[in-house]
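# Structural overview
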Amino acid sequence: MFMKLFSKLLFIIFFFFVIFFSIANSEKVKLGMWPFESKIIIPLFFLILISLTAGIFIGLFISIFSKRK
């Protein structure tokens, strides 16, 4: 029961952290790659959250595949 309550509380804290982070970093940034001329304009918080999510999934896959051997 304690773990259930603790996990819900942790989720709520994380949820509010993401909301406040998104509000504080709403500036637009240009994202482009060198050989291509086109650039996209996205909010800074979106770029950071996508990068963080990609890093978590890459680490998760590396961890899963290293345990298989």
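Residues numbered from 1 in each chain as written. Predicted model: local features only at pLDDT ≥ 70, side-chain atom pairs only at ≥ 80, totals over all residues. Heavy atoms only, no water.

### Considerations on the confidence of the model for the chain
The predicted model of the chain has a mean per-residue pLDDT of 89, with 99% of residues at 70 or higher. Summarising per-element confidence for the chain, the mean pLDDT is lowest in helix 1 (residues 2-24) (89) and highest in strand 2 (residues 39-43) (93). (pLDDT = per-residue confidence, 0-100. Helix = DSSP H or I, 4+ residues; strand = E, 2+ residues; numbered from the N terminus.)

### Quick word on a nonpolar patch on the surface
A cluster of nonpolar side chains, namely F11, I12, F15, F16, I19, F20 and I23, defines an oily patch on the protein surface of about 740 Å² accessible area. Its place among the elements puts I19 in helix 1. (Patch = residues over 30% accessible without salt bridge, like charges linked within 9 Å, V, L, I, M, F, W, Y side chains within 5 Å. Areas by Shrake-Rupley, 256 points an atom, 1.4 Å probe, with all protein chains shown as cover. Salt bridge = Lys/Arg side-chain N within 4 Å of Asp/Glu carboxyl O.)

### Quick notes on the packing of aromatic side chains
For the structure shown, the criterion picks out five aromatic pairs. Between F17 and F21, the ring centres sit 6.2 Å apart and the planes meet at 25 degrees, which makes this aromatic pair stacked. With F17 and F21 both in helix 1, this residue pair falls four residues apart, about one helical turn. Given a relative accessible area of 22%, F21 falls into the partly exposed group. (Phe/Tyr/Trp six-rings, centres within 6.5 Å; stacked < 30°, edge-to-face > 60°. Buried < 20%, exposed > 50% of the residue type's maximum accessible area, 1.4 Å probe, protein only.)

### Here's the deal with the environment of L44
Among the structural elements, L44 can be located in helix 2 (residues 44-67). Overall, L44 belongs to the partly exposed group, its relative accessible area being 23%. Along the backbone, L44 and L60 are 16 residues apart, and their C-alpha atoms lie at a distance of 24 Å. Setting aside anything within four residues of it in sequence, one finds L44 in contact with N25, E27 and V29. (Contact = heavy atoms within 4.5 Å.)

### Looking at the packing of helix 1 against helix 2
Taken N-terminus to C-terminus, the directions of helix 1 and helix 2 make an angle of 135 degrees; their axes are 8 Å apart at the nearest point. What the angle tells us is that helix 1 and helix 2 run oblique. Two secondary-structure elements touch here, helix 1 through V18, F21 and S22 and helix 2 through F45, I48 and L49. Split by residue class, the contact of helix 1 with helix 2 holds five nonpolar, one polar and no charged. (Axes fitted to C-alpha atoms, helices over the stretch in contact; angles between N-to-C directions. Parallel < 35°, antiparallel > 145°, perpendicular 65-115°, else oblique. Nonpolar A, V, L, I, M, F, W, Y, C, P; charged D, E, K, R; others polar.)

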